[in-house]
Amino acid sequence: CYELFRNLTGFLATAAFVLIGITSLNSIRRNHYKLFYICHISLAPFAYLFLCLHYYKSILYLCPSILYYLACTVPVNSQALSSYFLNNGTRLLRFHHIPNSNGCVELVFSLDPDCEEACNIS
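On a predicted model such as this, the values are computed, not experimentally measured, just so you know.

A. View of the overall build of the protein chain. Looking only at helices and strands, the protein chain features five helices and two strands. Per-residue burial for the protein chain yields a buried fraction of 13% across its 122 residues.

Quick look at the structure:
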């Protein structure tokens, strides 16, 4: 029974990684970015879970990259959340569509008075 479970989790991990790889091809990623994004966000956790269930020592190979990802994203996300909830977020003053720019816009945000003093901006 364990061999069947191990083979199944290996197959599911491989299938998830293959789908991630196929949607990462340049033509698919450029023309169908939403599909690429949804596949990566939804399939990556399953691929890693099934990989760890298939071969439990693989967590040793995954830990450094997971820790690096968390070390990069947790501070940024915690600062964004605290800014949103404690300071009512960032205020957008105005936006302007830039002509002949393929849909680019100029965004102008308000500046925190504390930052203005600390950065010597006048």
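B. Representation of unusual backbone geometry within the structure. Positive phi, close to 55 degrees, is recorded for Asn100, a residue that is not glycine. Topologically, Asn100 is positioned in the loop between β1 (92-97) and β2 (105-109). When its relative accessible area of 84% is taken as the criterion, Asn100 is described as exposed. Backbone geometry at Asn102 places phi at a positive 60 degrees, although glycine is not the residue there. Following the sequence through the fold, Asn102 ends up in the loop between β1 and β2.

C. Molecular detail of helix α3 (residues 33-54). With 22 residues, α3 ought to run about 32 Å at 1.5 Å a step, and its terminal C-alpha atoms sit 30 Å apart, in line with that. Taken together, the buried positions of α3 are occupied by Phe36, Cys39, Leu43, Ala47, Phe50 and Cys52.

Cut-offs and rules
Numbers given to residues run from 1 along each chain, matching the order in which its sequence is written. Local features in a predicted model are, by the rule used here, given only for residues with pLDDT of at least 70; side-chain atom pairs are given and counted only at 80 or more, and totals for whole chains, interfaces and linings are based on all residues. With hydrogens and water excluded, all non-hydrogen atoms of the structure serve as input to the side-chain values. Starting at the N terminus, helices and strands are each numbered in turn, a helix being any DSSP run of H or I of at least four residues and a strand any DSSP run of E of at least two. The cut-offs for exposure are 20% and 50% of the maximum accessible area for each residue type, with area from a 1.4 Å probe on protein chains only; residues under the lower value are buried, those over the upper are exposed, and the others partly exposed. Expected helix span is given by 1.5 Å per residue-to-residue step, counting one fewer step than there are residues.

Read these as geometric descriptors, not functional statements.
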